[in-house]
Each structure stands twice: as C-alpha cells, then as structure tokens.
Amino acid sequence: MKTADFRALTPEEVVARLKEPAPTLICFHTRPDGDAVGSAFALSLWLGAMGSSCYCVSADEVPQYLGFLSAGLQESVLPESIPTGFENARIVTVDTASPAQMGSLFERFGERVCLMIDHHGMGTPYADHLIVPQAAACGEVIFDLIAASGVDVPVRVSELLYAAISSDTGCFRYSNVNENTHLHAAALVAQGIDTAEINRRLFETRSYQSLKAEKAGFERLRFFEDGKIAIITFPYALQRELDVREEHLGTLIDVARCVAGVEVAVAIRGTAKGDFRVSLRSNVNFDVAAVAARFGGGGHVRAAGVTVSADSIEQAQDKILAALQEVL
Ligand code: AMP
Ligand code: MN
Ligand code: MN
C-alpha cells in the first residue's frame, strides 16, 4: 500500500468530492456499533439526496439491537447482497480506523477506498481521509459535512446521527463528550426525533442472550493490581455452550468496567477463527489505545480494541496484562 500518497482532506474538499454523483459503497467496521451503522446510513441518505445511489456494506451483519437503524433502508449489509451496478462504485468508509477493522472486506475493497471519514485518534489510514479525533462519534463528522453542503436531508438522518452520537458516548456519559457533542445533539433533537425511544433501544434493552453472556462473564471476572485491572475472558467454547453469538458479547466489557476501583477493564473473547478479540476501556486518564496499538490495534484514549493471536485465551490474557502492568 502506498501510505505516503494518502492525504488529509478538508471538509470542503470532502463535500466537493461527495457532491459528484456516483454509485457509492459505504463500508463500515466489523462487529458494527451504533456509530458505524448510524453514520453509514446517514451518509447514504445524504448522498442519495445529492443524486448518488448508495449501498452500505460490512463484513458483519447489523446486530439485532441496531436493526431499527437500517430497517426499511436495506435488508442486509453483507457483501453477498451488493446489488448490480456497484461493480466500479466509489468506495467510502465511515468509523473505520484501520484495515483490520474492515475484516474480510479489506481484501476485496481495501485498495479501492477513495475516502475514509473517521474520528479515531489511533489508527492506520488506508486512503485519503477526514479524521476528526475531537469528534465523539463519526456521526458528528457526518453532521458537519451535511451542514456544510447546505443540502436538505430527511428527518431519518437526524435519528441516525443522534443514535450514532449517543451510542459512542454511552448516552452522553463518556469523557469524549464536549460542548460540540451537545450542540450537535441539540440540533438533532430540534428536528423532533424520539430520543427516549432511541436511547431505550440502545441502552435500556438487552437480549436474553446478552444477559446470559453477562452472567457467565461476571463469574469469570478476575482482578489484578489491587483491583485496578479487571479482566473477563470468554472462550469461544463458552459461546457455543451458551448458544450466544459475538453480537451478544459487546456488553461484557461494561460488567468489568463498572466495578468500583477499576481503572482499566479488559474483555477477551475467543473467536471462531481461533484468535482473540480484545476490548479495552479506561476509567482514568490512561491511554488504552496506545496499549492496543502495541498489538496492531487502536481506538481512542479511553476505548480501544485489537485482535491478537495466541495459543490459548490464558496466553492472550497474559500478553495484554503484561503490557498493561508495564505502563500502569
Ligand atoms: P471495541 O472494544 O471493539 O468496541 O473497540 C473500542 C474502540 O476501539 C472503538 O472505537 C473501535 O472502533 C476502536 N478499535 C477497535 N479495534 C481497532 C483497531 N484494530 N484499530 C483502530 N481502532 C480500533
Ligand atoms: Mn465504531
Ligand atoms: Mn465511532
């Protein structure tokens, strides 16, 4: 890949590029979250309003709890469902900081991405980009682009962007929230969207399977460094045994994070491929993205992720724990 050729674009340059109508594939990261799905479909509707046909695509399907975001817009986001007419499409990614986050899509589309719109401070750019680390969510970056374009978009866009922002801020609770985050949210609320319902779906609803996973995760919660580090390991065999899927494991990290005294929380899940998916969260001013970056991952100061290979989940835990102990 020709890293040196990638340019940081201004918002004006991005708007100018996107105003050119063209069939567009909008890619977002594996194990999609509310920011990825909300940003992608908001971008899709905005580009649609400017005359481009769009298709949102990810290596993993939209999880059930986020189905309300894509409902009525697309049946599926899997690459198998890309309609005809997108063979030579322009490819834009949202909320996707590194090639690794594109998963299997990177092999197929990675070289052809012409624009990445993102907000991760720690990542590996793979195309010309607009990356705004001060933005709490990629949805904020999309919001500003839409505003700069002066194009009228449907109210659905406001719902999608609000969900994107609320999702990445834990309902406006995390340290990534700033004045702009609230100003963006206020402008979206002014469109008459049902924020209580969006937040109920995002934060007040758990599938029975997620709760089952949390219960098992709680039993596997271990503490290190006088309770400053909390780690939950969740072997792939346990996923099979409980009949839960990867999409039910996203809240395991919250079980570890909320315990009093915990400064850094870690959740490690075994995957079907035999490697290990690691989520890191910091309750203090400790840069977990820097730790993730040591293993090839990235993210934000207080929320980061990486996939590591190891012979066993215990070995994966030892690797992460050693890296944390070195810096903590
Ligand atoms: P997760 O624990 O998977 O929810 O990830 C936490 C945060 O780190 C999210 O903002 C992710 O987008 C980001 N992240 C996860 N994996 C990577 C990676 N390989 N490179 C850069 N950022 C990542
Ligand atoms: Mn995301
Ligand atoms: Mn995000």
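Above this text you will find the structure in question.
Numbering of residues starts from 1 in each chain and follows the order in which that chain's sequence is written. As a convention, the first chain written is A and the first ligand written is 1, with the rest following in written order. The predicted nature of this model means local features are confined to residues of pLDDT at least 70 and side-chain atom pairs, given and counted, to a pLDDT of 80 or more, with totals for whole chains, interfaces and linings taken over all residues. The side-chain figures draw on all heavy atoms in the structure; neither hydrogens nor water molecules are used.

Before going further, it helps to examine the environment of G38. As for its position among the elements, G38 is in helix α2 (residues 34-49). Think of it in three bands: residues with accessible area under 20% of the maximum for their type are buried, residues over 50% are exposed, and the middle band is partly exposed, with areas taken using a 1.4 Å probe on protein chains only. According to the relative accessible area criterion, G38 is buried, its value standing at 0%. C-alpha separation for the pair G38 and D275, spaced 237 residues apart in sequence, amounts to 28 Å. The contacts of G38, once residues within four sequence positions are left out, are L69, L160 and A164. Only DSSP runs of H or I covering at least 4 residues are called helices, and only runs of E covering at least 2 are called strands; the numbering of each starts at the N terminus. Two residues qualify as a contact provided that any one of their heavy atoms is within 4.5 Å of a heavy atom in the partner residue.

Sites may look incomplete, because water is not among the atoms used; the donor set itself consists of N, O and S atoms within 2.8 Å of the metal (3.2 Å for Na, K and Ca). Ligation of the manganese ion (ligand 3) by protein atoms is provided by D35 (OD), D95 (OD), H119 (NE2) and D168 (OD), these donors lying 2.1 to 2.2 Å from the ion. If you look at the manganese ion (ligand 3) and the manganese ion (ligand 2), they sit 3.6 Å from each other and are both ligated by D95. Pair noted here: D35 is in helix α2 and H119 is in the loop between β4 (113-118) and β5 (129-131), with a separation of 84 residues, a long-range link. The exposure classification of D35 matches that of H119, with both residues buried.

Moving on to the sheet that holds strand β9 (residues 276-282). Should DSSP find at least two bridges between two strands, the strands are taken to pair. The six strands lie next to each other as β6-β7-β8-β9-β11-β10, forming an open sheet whose pairing is mixed. Edge positions in the sheet fall to β6 (221-224) and β10 (298-299), since each has one partner strand and no second. In this structure, strand β7 (residues 229-234) lies alongside strand β8 (residues 264-270), joined through six bridges in parallel fashion. Along β8, the bridge assignment pairs I231 with V266.

What follows covers the coordination of the manganese ion (ligand 2). Protein-derived ligands of the manganese ion (ligand 2) are H29 (NE2), D33 (OD), D33 (OD) and D95 (OD), with the metal-ligand distances lying across 2.1 to 2.7 Å. Here the donor residues of the manganese ion (ligand 2) share one chain and are spaced in sequence as H-x3-D-x61-D.

Attention now moves to the site of ligand 1. The rule for a residue being near a molecule or strand is that one of its heavy atoms must lie within 4 Å of it. In the vicinity of ligand 1 lie 15 residues, with S98, Q101, H120, R277 and S279 positioned nearest. In this structure, an oxygen atom belonging to ligand 1 sits 2.7 Å away from a side-chain N or O atom of H120. Counting of polar contacts relies on pairs of N or O atoms within 3.5 Å, with two restrictions inside protein: one atom must be capable of donating a hydrogen and the other of accepting it, and residues adjacent in sequence are counted only when both atoms are side-chain atoms. Between ligand 1 and the protein, one listed contact pairs a nitrogen atom with a backbone N or O atom of G298 at 3.3 Å. For ligand 1, whose free accessible area comes to 480 Å², the fraction covered by protein is 87%. Secondary-structure elements contributing two or more residues to the shell around ligand 1 are β9, β10 and β11 (303-308). Just so you know the grouping, Ala, Val, Leu, Ile, Met, Phe, Trp, Tyr, Cys and Pro go in nonpolar, Asp, Glu, Lys and Arg go in charged, and all remaining residues, Gly too, go in polar. Each residue belonging to the shell around ligand 1 can be placed in one class, and the counts come to four nonpolar, nine polar and two charged. For every accessible area listed, the method is Shrake-Rupley and the probe measures 1.4 Å; residues are considered covered only by the protein chains on display.

A pair of Phe, Tyr and Trp rings is counted when the ring centres sit within 6.5 Å of each other, with Trp represented by its six-membered ring. The angle between the planes then sorts it: under 30 degrees is stacked, over 60 is edge-to-face, the rest tilted. Inspection of the entire model under this criterion finds three aromatic pairs. Judged by centre distance (6.1 Å) and plane angle (85 degrees), the ring pair of F106 and Y126 falls under edge-to-face. In this pair, F106 is assigned in helix α5 (residues 105-109) and Y126 in the loop between β4 and β5, connecting sequence segments 20 residues apart.

Take the pairing of β6 next. Here β6 pairs with β7 via four bridges, running antiparallel. In the strand pairing of β7, L221 is matched with I232.

We now examine helix α14 (residues 313-327). In this model, α14 (15 residues) spans 22 Å end to end at C-alpha, consistent with the 21 Å of a helix rising 1.5 Å per residue. Buried residues of α14: I313, A316, Q317, I320, L321, A323 and L324, and no others. The arc enclosing the buried residues of α14, seen along the axis, measures out at 160 degrees, which places them on a common side. Elements that come into contact with the buried residues of α14 comprise β6, β7, β8, β9, α13 (288-294) and β11. Under the convention used throughout, the expected extent of a helix is 1.5 Å for every residue step, that is, one less than its residue count. Working note: the arc is built from the helix axis to C-beta atom directions.

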